[in-house]
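# Observations on the three-dimensional arrangement
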Amino acid sequence: MVQTPVRAERSVGQQTADAASKEAETPSLPYQLSCTVLTPSGTLIARGQAIPRKRDHLAEAYSVRLTEIEPSGVLEAMVYSDQHDIVLRAEGVPELTLRIDHIIGSPQQREFFCHRR
């Protein structure tokens with residue numbers, strides 16, 4: 001019976017270590033960066049601005065939000081055709097494979113919230 005709490009402590013400690021590891025793997029942007037957006041096969045589809053996630057979002061879930069995407073509408077088309085994966089390239093940030101999670105805003109001020117794949 002004494003072993004049960006020890007196992008529970010290990011699993012809690014293990015969960016904490018796993019969460020810390022996942023958070024370390026998900027880079028957060030220090031400031032707004034110009035970026036390019038590619039398909040997983042490497043085709044350039046857009047340019048935009050990558051912005052640090054909002055403070056009220058979970059650190060392990062959201063890494064960036066994209067704004068000012070040119071050409072306009074390209075990412076919406078990908079989401080509507082069930083192609084949510086994109087690759088983000090920005091100076092000083094390792095290439096990231098992201099999944100577009102949700103889109104908010106008017107057509108003129110769209111924000112694409114993405115999380116690490």
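The structure contained in this document is the topic of the report that follows. Since we're looking at a predicted model, the values are computed, not measured.

Reading guide: rules and limits
Residues numbered from 1 in each chain as written. Predicted model: local features only at pLDDT ≥ 70, side-chain atom pairs only at ≥ 80, totals over all residues. Heavy atoms only, no water. 1 Å grid on protein atoms, 1.4 Å probe; cavity = no way out; pocket = protein on both sides within 12 Å on 5 of 7 lines; lining within 4 Å. Points joined across faces, edges and corners; volume = space filled by probe spheres on them. Helix = DSSP H or I, 4+ residues; strand = E, 2+ residues; numbered from the N terminus. Nonpolar A, V, L, I, M, F, W, Y, C, P; charged D, E, K, R; others polar. Salt bridge = Lys/Arg side-chain N within 4 Å of Asp/Glu carboxyl O.

Glancing now at the layout of surface pockets. One number sums up the size of the largest pocket: a volume of about 190 Å³. Lining of the largest pocket is provided by 13 residues; of these, Glu68, Ile69, Pro107, Gln108 and Arg110 occupy positions nearest its centre. For the lining of the largest pocket, the elements supplying multiple residues, two or more each, are strand S3 (64-70) and strand S6 (111-116). Ranked by residue count, the leading element in the lining of the largest pocket is S3, at 4 residues. A per-class count over the lining of the largest pocket returns 3 nonpolar, 5 polar and 5 charged.

What follows deals with the pattern of salt bridges. Considering all chains together, one arrives at 2 salt bridges under this definition. Residue Glu95 pairs with Arg89 through a salt bridge whose shortest N-O separation is 2.5 Å.

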